[in-house]
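# Results of the structural survey
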Amino acid sequence: MDPELTSFTQTAGTTLVTLMATEAWQHTRDGVTRLWQRLQPDRAQTVADELDASREEVLRAHSAADQEMLSELRLQWQGYLRRLVLAQPEAVEDLRRLLDEVGSEAAAHAARITQHGTASGQARIYQAGRDMHINER
């Protein structure tokens, strides 16, 4: 497989799994499902079911801070996407367009995060727009 195509499917699989935990998920899911319906209609329902199951797993993994599960899901979707683009090379541009579109939508939503914190005395405030890991002793 072409190294550029390998890199693209790795990035696309990672992006897809990342989007599963965002507000852009429904739009992403619909777009990916439409892509499969157009290119491999016999697999479209299976892929739609896998997307739903994967999203549930992503949400559980985020809640449990289970990075191993997230890595497995990324690899799983990288494989699905790699097989799709190998069988249907025209899927690359469609998938790229979809991920650019929903990525922009997710970024626009993330840009709207506003945080305020006030501390007094010896209080501490920890704020993050996403994951935060604090190790204090």
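Okay, so let's go over this structure. Computed from a prediction, not measured in an experiment: that's the story for all the values here.

### Overview of the pattern of salt bridges
This structure, assessed with the given rule, holds 5 salt bridges. The partner of Arg29 in a salt bridge is Asp30, with the nearest N and O atoms 3.9 Å apart. The class of Asp30 is partly exposed, set by a relative accessible area of 30%. Measuring nitrogen to oxygen at the nearest pair gives 2.6 Å for the salt bridge that ties Asp52 to Arg29. On the criterion of sequence distance, the pair formed by Asp52 in helix H3 (residues 44–64) and Arg29 in helix H2 (residues 25–39) is long-range, its members being 23 residues apart. Judged by its relative accessible area of 15%, Arg29 is buried. Residues participating in the shared-partner salt-bridge network are Arg29, Asp30 and Asp52.

### So, helix H1 (residues 3–19)
With 17 residues, H1 should reach 24 Å at 1.5 Å per residue; the first-to-last C-alpha distance of 24 Å fits that figure. Among all positions in H1, only Leu5, Phe8, Thr9, Ala12, Gly13, Leu16, Val17 and Leu19 are buried. One face of H1 carries all of its buried residues, which in axial projection span an arc of 160°. The exposed residues of H1 that point more than 90 degrees off its buried face are Pro3 and Glu4. A side-chain oxygen of the first residue of H1 lies 2.8 Å from the backbone nitrogen of Glu4; this N-cap is Asp2.

What counts, and where the lines are drawn
Residues numbered from 1 in each chain as written. Predicted model: local features only at pLDDT ≥ 70, side-chain atom pairs only at ≥ 80, totals over all residues. Heavy atoms only, no water. Salt bridge = Lys/Arg side-chain N within 4 Å of Asp/Glu carboxyl O. Buried < 20%, exposed > 50% of the residue type's maximum accessible area, 1.4 Å probe, protein only. Helix = DSSP H or I, 4+ residues; strand = E, 2+ residues; numbered from the N terminus. Expected span 1.5 Å × (residues − 1). Arc of directions from axis to C-beta. Polar contact = N/O pair within 3.5 Å; in protein donor to acceptor, adjacent residues only side chain to side chain.

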